[in-house]
Amino acid sequence: MKLVMAVIKPFKLDEVREALTELGVQGLTATEVKGYGRQKGQTEIYRGAEYAVSFLPKVKVEVVVDDDQTDSVVEVIAKAANTGRIGDGKIFVVDVQSAMRIRTGETGAEAL
């Protein structure tokens, strides 16, 4: 099993969710986060005063999938989250040792 974590622009969340649902992914976790990458934040003007925003709002999407689904999940997220502009985000893939569904006690891939 793999944990696929994607940090994306907030307005792309619905597109990513719909694309993953069409792929057959049954659940995901989305968290509002803040951060910066190469863009190093941005400068904004509020009431005539210019100020720097060091951390930009993002959404972190996490989904655990079987090993054989990993590549297609990464491709679908990359396609749905792409705007072609700086700050589109990153995707990370991490090994998952085990998983358990609390309600039923199922473990491994059955718990997904």
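Just above, that's the structure.
Residues numbered from 1 in each chain as written. Predicted model: local features only at pLDDT ≥ 70, side-chain atom pairs only at ≥ 80, totals over all residues. Heavy atoms only, no water.

Below, the discussion takes up the overall build of the protein. Within the protein, the regular secondary structure consists of two helices and six strands. Listed by position from the N terminus, the elements making up the protein come as β-α-β-β-β-β-α-β. The buried share of the protein, taken over its 112 residues, is 26%. Nonlocal contacts in the protein, meaning residues at least 24 apart in sequence, comprise 72% of its contacts between residues at least 6 apart. Accessible surface, the protein as shown: approximately 7,800 Å² in total, 49% of it carbon and sulfur. (Helix = DSSP H or I, 4+ residues; strand = E, 2+ residues; numbered from the N terminus. Buried < 20%, exposed > 50% of the residue type's maximum accessible area, 1.4 Å probe, protein only. Contact = heavy atoms within 4.5 Å. Areas by Shrake-Rupley, 256 points an atom, 1.4 Å probe, with all protein chains shown as cover.)

Let us look at the packing of helix H1 (residues 13-23) against helix H2 (residues 70-81). Following both chains from N to C, one finds H1 and H2 inclined at 150°, their axes separated by 9 Å at the closest point. When the axis of H1 is compared with that of H2, the two are roughly antiparallel. For the pair H1 and H2, the sense of crossing is right-handed. Here H1 contributes Glu15, Val16, Ala19, Leu20 and Leu23 to the contact with H2, which in turn contributes Ser72, Val73, Val76, Ile77, Ala80 and Ala81. Residue composition of the contact of H1 with H2, by class: nine nonpolar, one polar and one charged. (Axes fitted to C-alpha atoms, helices over the stretch in contact; angles between N-to-C directions. Parallel < 35°, antiparallel > 145°, perpendicular 65-115°, else oblique. Left-handed = near helix turned anticlockwise from the far one by under 90°. Nonpolar A, V, L, I, M, F, W, Y, C, P; charged D, E, K, R; others polar.)

Attention shifts here to the pattern of salt bridges. Applying the stated criterion to the full structure yields six salt bridges. For the salt bridge of Arg101 with Glu106, the shortest nitrogen-to-oxygen distance reads 2.8 Å. The partly exposed category is assigned to Glu106, whose relative accessible area is 33%. (Salt bridge = Lys/Arg side-chain N within 4 Å of Asp/Glu carboxyl O.)

The next point concerns the environment of Val16. Within the secondary structure layout, Val16 lies in helix H1. C-alpha of Val16 to C-alpha of Val76: the two residues are 60 residues apart in sequence and 7.6 Å apart in space.

The buried fraction of strand E1 (residues 2-8) is high, at five of seven residues. Sheet topology places E1 next to strand E5 (residues 56-65); seven bridges connect them, and they run antiparallel. Its bridge partner being in E5, Leu3 is matched across the sheet by Val64. Here E1 runs beside strand E6 (residues 89-95); their pairing, made up of seven bridges, is antiparallel. The residue of E6 that forms the bridge with Met5 is Phe92. (Pairing = 2+ DSSP bridges.)

Okay, the side chain of Thr70 next. By the secondary structure assignment, Thr70 is in helix H2. Looking at Thr70, the relative accessible area reads 7%, which means it is buried. There is a polar contact of 3.3 Å between the side chain of Thr70 and the backbone oxygen of Asp66. A polar contact of 3.1 Å, which involves the side chain of Thr70, links it to the backbone oxygen of Asp67. Ignoring anything within four residues of it in the chain, the contact list for Thr70 reads Lys2, Val4, Val65 and Val93. (Polar contact = N/O pair within 3.5 Å; in protein donor to acceptor, adjacent residues only side chain to side chain.)

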